[in-house]
Amino acid sequence: MHIADILARDATSLSFEFFPPKTDAGWETLYRSIAEFEPLKPSFVSVTYGAGGSTRDNTHALVVRLRRETALEPVPHLTCFGHTKDEIRAILELYAVNGVGGVLALRGDPPSGARILALGDFRHAADLVGFIKLEGERLGVNDGRGFAIGVAGFPEGHPETPNTLVQLEHLKAKVDAGADYIVTQLFFDNHAFHDWRARCDLAGIKVPIIAGIMPITTGSGLKRMADLAAGTCFPASLLKSIQRCRGNAEAIENAGIHWATEQCRDLLDNDVRGIHFYTLNKTDATKRIYKTLGVRA
Ligand code: FAD
């Protein structure tokens, strides 16, 4: 299904991100989670793509399985770092044959020390977007409209481009190359999101913007997030509420879910086009947020 049809149907798209696990136990957890998520009728579910290569085939297998065995709309992430055009074409053909109508097009991150130019046929995500657009049309995906293409946005900036005006130009280049929507990096400060969304509009970026939300559920998870999403602001009031719960795992989880719920409520109040939950393959936090918000369940 094309994202334009999904967004026409759902006033606010609500979606989940999964990752392909590396262990048998991880797969069991994931399939249990998928069974619990399906009745929530998400607008779509996305599946991450291991930039390092180890889980890439698992992404394809999971996406195809979701398409065949569930009513969920799978959207595979696809990173171009280190890929040749022929490799990307083969992946897109696999998705087209299996009725997958959309892709989240990303650059991915080079292993530290690697030279971007030396590895693969694509330098930036915008190059991948243009390629996917042409291939999707050639393959007749979505009745000839091509793949629905999502791209990444960074409300608090991307570490490689300190100049925030230039960064918006790079985001606009992805939209001009054919991106249909933007999914953001996780954030905890809604003011940063609202301001960035307004700046996108001023820069002529008019495609729907879907907000990425990840509830903090453990103290160690917070540290991992700070590492993974470099540059993300952790507001003092969030840190204070986590600190007050120190030593009490249940209280930390409650505080983190409360914060994410308030973020979602504010986003809905401010007419966000969609919320994308980074689930880490677990259901509890997202389901609790759903219940509290009174959105479809
Ligand atoms: P780009 O848009 O290419 O941008 C990367 C950097 O290059 C930016 O600093 C940008 O400003 C700069 N740039 C862009 N164009 C130019 C230009 N013409 N000249 C100079 N500089 C330029 N990673 C994975 O490995 N697997 C995943 O599944 C995955 N999923 C993600 C999902 C979301 C929603 C998000 C937000 C990120 C995800 N990532 C994933 C991480 C992502 O691949 C990295 O953050 C990467 O560093 C940026 O990817 P991008 O697609 O935004 O790249």
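Please refer to the structure higher up on the page.
Residues numbered from 1 in each chain as written. Predicted model: local features only at pLDDT ≥ 70, side-chain atom pairs only at ≥ 80, totals over all residues. Heavy atoms only, no water.

J.: Any chance you could explain the sheet that holds strand β6 (residues 181–186) here in plain terms?
T.: Note: strands within a sheet are paired through backbone hydrogen bonds, in either parallel or antiparallel orientation. Judged by pairing direction, the barrel is parallel, and its 8 strands sit side by side in the order β1-β2-β3-β4-β5-β6-β7-β8 before closing back on the first. Each strand of the sheet is rotated relative to its neighbour by a mean of 25 degrees, with strand direction disregarded. Bridging between strand β2 (residues 44–47) and strand β3 (residues 74–79) involves 3 bridges; their strand directions are parallel. For V45, the partnering residue across the bridge sits in β3 and is P74. Across the sheet, helix α7 (residues 190–202) touches β5 (148–153), β6 and β7 (209–213), and the angle it forms with β7 is around 160 degrees. (Pairing = 2+ DSSP bridges. Helix = DSSP H or I, 4+ residues; strand = E, 2+ residues; numbered from the N terminus. Axes fitted to C-alpha atoms, helices over the stretch in contact; angles between N-to-C directions. Contact = heavy atoms within 4.5 Å.)

J.: What should I look at first to understand empty space enclosed by the protein in this one?
T.: Sizing a probe to match a water molecule and rolling it over the atoms shows the empty space that remains. Taken as a whole, this structure holds 1 cavity of 30 Å³ or more when the rule is applied. For the largest cavity, the calculated volume is near 40 Å³. Surrounding the largest cavity, M1, H2, I3, I6, F44, E73, V75, G102, A148 and Y181 form its lining. Grouping the amino acids of the lining of the largest cavity by side-chain chemistry returns 7 nonpolar, 2 polar and 1 charged. (1 Å grid on protein atoms, 1.4 Å probe; cavity = no way out; pocket = protein on both sides within 12 Å on 5 of 7 lines; lining within 4 Å. Points joined across faces, edges and corners; volume = space filled by probe spheres on them. Nonpolar A, V, L, I, M, F, W, Y, C, P; charged D, E, K, R; others polar.)

J.: Explanation requested: the site of the ligand in the structure shown.
T.: Taken together, 22 residues lie around the ligand, and Y49, D109, H158, T161 and H170 are the ones closest in. R107 places a polar main-chain atom, nitrogen or oxygen, 2.9 Å from an oxygen atom of the ligand. H124 places a side-chain nitrogen or oxygen 3.5 Å from a nitrogen atom of the ligand. When the free accessible area of the ligand is taken as 980 Å², the share hidden by the protein chains comes to 82%. It is helix α6 (residues 164–176) that provides the largest number of residues to the shell around the ligand, a total of 3 residues. (Near = heavy atom within 4 Å. Polar contact = N/O pair within 3.5 Å; in protein donor to acceptor, adjacent residues only side chain to side chain. Areas by Shrake-Rupley, 256 points an atom, 1.4 Å probe, with all protein chains shown as cover.)

J.: In this structure, what is going on with unusual backbone geometry? I would like to understand it.
T.: As a rule of thumb, non-glycine residues mostly have phi less than zero, and peptide bonds are mostly trans rather than cis. Unusually for a residue other than glycine, N142 sits at a positive phi of about 50 degrees. If you check the backbone angles, L280 has positive phi at about 55 degrees while not being a glycine. Tracing the backbone through its elements, the reader meets L280 in the loop between β8 (274–278) and α11 (284–293). In this structure L280 comes out as partly exposed when scored by relative accessible area, which is 44%. (Buried < 20%, exposed > 50% of the residue type's maximum accessible area, 1.4 Å probe, protein only.)

J.: Any chance you could explain the packing of helix α9 (residues 236–244) against helix α10 (residues 249–269) here in plain terms?
T.: When two helices pack together, their arrangement is captured by the angle between the axes and the distance separating the axes. At a closest axis distance of 9 Å, the pairing of α9 and α10 adopts a crossing angle of 155 degrees. By the criterion of interaxial angle, the relationship of α9 to α10 is roughly antiparallel. Of the two elements, α9 crosses α10, and the hand of that crossing is right-handed. Facing S237, L238, S241 and I242 of α9, the residues of α10 in contact are I252, A255, G256 and W259. Across the contact of α9 with α10, the residue classes tally to 5 nonpolar, 3 polar and no charged. (Parallel < 35°, antiparallel > 145°, perpendicular 65-115°, else oblique. Left-handed = near helix turned anticlockwise from the far one by under 90°.)

J.: Any chance you could explain the packing of helix α2 (residues 24–37) against helix α3 (residues 56–69) here in plain terms?
T.: Packing of α2 against α3 leaves a shortest axis separation of 13 Å and a crossing angle of 30 degrees. For the element pair α2 / α3, the angle class is roughly parallel. Both α2 and α3 take part in a crossing whose hand is right-handed. Of the residues in α3, those touching α2 at W27, L30, Y31 and I34 are N58, L62, R65 and L66. Residues that form the contact of α2 with α3 fall into these classes: 6 nonpolar, 1 polar and 1 charged.

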